[in-house]
Amino acid sequence: RCGYVAIVGRPNVGKSTLLNHILGQKLAITSRKPQTTRHNMLGIKTEGNVQAIYVDTPGLHKQNDKALNRYMNKNAAAALKDVDVVIFVVDRTRWTEEDQMVLERVQFVRGPVLVAVNKADRLDDKTEMLPHLEWLAQQLPNAEIVPISALQGKNLDLLEKLVAERL
Ligand code: GDP
Ligand code: MG
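Residues numbered from 1 in each chain as written. Chains lettered and ligands numbered in written order. Predicted model: local features only at pLDDT ≥ 70, side-chain atom pairs only at ≥ 80, totals over all residues.

For clarity, the threshold we go by: UniProt positions are given in the numbering used here, feature names are shortened, and annotations may be inferred rather than shown by experiment.
Per an unreviewed UniProt entry, the protein is named GTPase Era, and its organism is Azotobacter bryophylli. Recorded in UniProt for the protein, the comment headed Sequence similarities (unreviewed entry) runs: "Belongs to the TRAFAC class TrmE-Era-EngA-EngB-Septin-like GTPase superfamily. Era GTPase family." The annotation that UniProt attaches to the protein under Function (unreviewed entry) is "An essential GTPase that binds both GDP and GTP, with rapid nucleotide exchange. Plays a role in 16S rRNA processing and 30S ribosomal subunit biogenesis and possibly also in cell cycle regulation and energy metabolism."

1. Some details on unusual backbone geometry
Worth spelling out the cut-off: Under the DSSP-based scheme used, a helix requires at least four consecutive residues in state H or I and a strand at least two consecutive residues in state E, with every element numbered from the N terminus. Put simply, a residue is buried when 20 or more other C-beta atoms lie within 10 Å of its own C-beta and exposed when 12 or fewer do; between those, it is partly exposed, and each C-beta is set from the backbone.
The phi angle at Asn 12 is positive, at roughly 80°, despite the residue not being glycine. Of note, Asn 12 is situated in the loop between strand S1 (2-8) and helix H1 (15-23). By C-beta crowding, Asn 12 is classed as partly exposed, having 19 other C-beta atoms within 10 Å. Positive phi values are uncommon outside glycine, yet Lys 119 reaches one of about 70°.

2. A look at the sheet that holds strand S2 (residues 41-47)
Quick note on the threshold: At least two DSSP bridges between two strands are needed for those strands to be called paired. Each axis is a line fitted through C-alpha atoms, and for a helix only the stretch in contact is used; angles between axes span 0 to 180 degrees, taken between their N-to-C directions.
The six strands lie next to each other as S2-S3-S1-S4-S5-S6, forming an open sheet whose pairing is mixed. Strand pairing shows two members of the sheet lacking a second neighbour, S2 and strand S6 (144-147), which therefore form its edges. Between one strand axis and the next, the sheet turns by 25° as a mean value, whatever way the strands run. By the bridge criterion, six bridges tie S1 to strand S3 (residues 50-56) in an arrangement that is parallel. Of the residues in S3, the one forming a bridge with Val 5 is Tyr 54.

3. A short note on the nonpolar core
Rules: What makes a nonpolar core is a set of buried Ala, Val, Leu, Ile, Met, Phe, Trp, Tyr and Cys residues, with links drawn between C-beta atoms within 7 Å. Contact definition: two residues whose C-beta atoms, as placed from backbone geometry, lie within 7 Å.
By size, the foremost hydrophobic cluster in this structure holds 34 residues, and its most contacted members are Val 5, Ile 7, Val 86, Ile 87 and Phe 88. Taken together, the elements giving at least two residues each to this core come down to S1, H1, S3, strand S4 (85-91), helix H3 (97-106), strand S5 (113-118) and helix H5 (156-166). Element by element, the count of residues in this core is highest for S4, at six residues. Among residues more than four places away in sequence, those in contact with Val 86 are Ala 6, Val 8, Leu 80, Val 106, Val 109, Gly 111 and Val 113.

What follows is the structure, encoded as structure tokens:
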């Protein structure tokens, strides 16, 4: 099995960290500063008879008036088309207008969607995202929701298994 997997989400949710951890190498640039990834980055992971081609998107941006933002939006939108699986990364501690914007695009995706609820290691603010998660599940009734920690690699084996099943 082989296919494309788009990693989408607003800036700073942990998309690049996730891709780096899945690939086991530093491919995408991660930073506290949003917009560190300007181009779609590809990473190929082959395991047994499964080959997943991951696409790390530069993020969908609310502010659409600057040329750079426009360019990044274009790339992120293109990454959603013609992919086999979409991983929608959200931050369990924070839901913003930009998440809402990405959600609205993800709702148009015909293929399988996995919602990766990232930063699960932040146990201190454990309950913060929980009411929102139920709402999110209603917005994406066909999506599988997986709590992960991209930083610590928590639950990434499960996420990869779910991806492989959908390729
Ligand atoms: P991107 O803009 O979506 O690509 O986000 P990055 O991967 O660049 O990550 C943004 C920031 O969030 C960085 O400072 C990361 O170290 C941090 N981060 C990413 N994943 C996690 C996680 O699982 N837990 C915690 N605590 N921080 C994370
Ligand atoms: Mg990034």
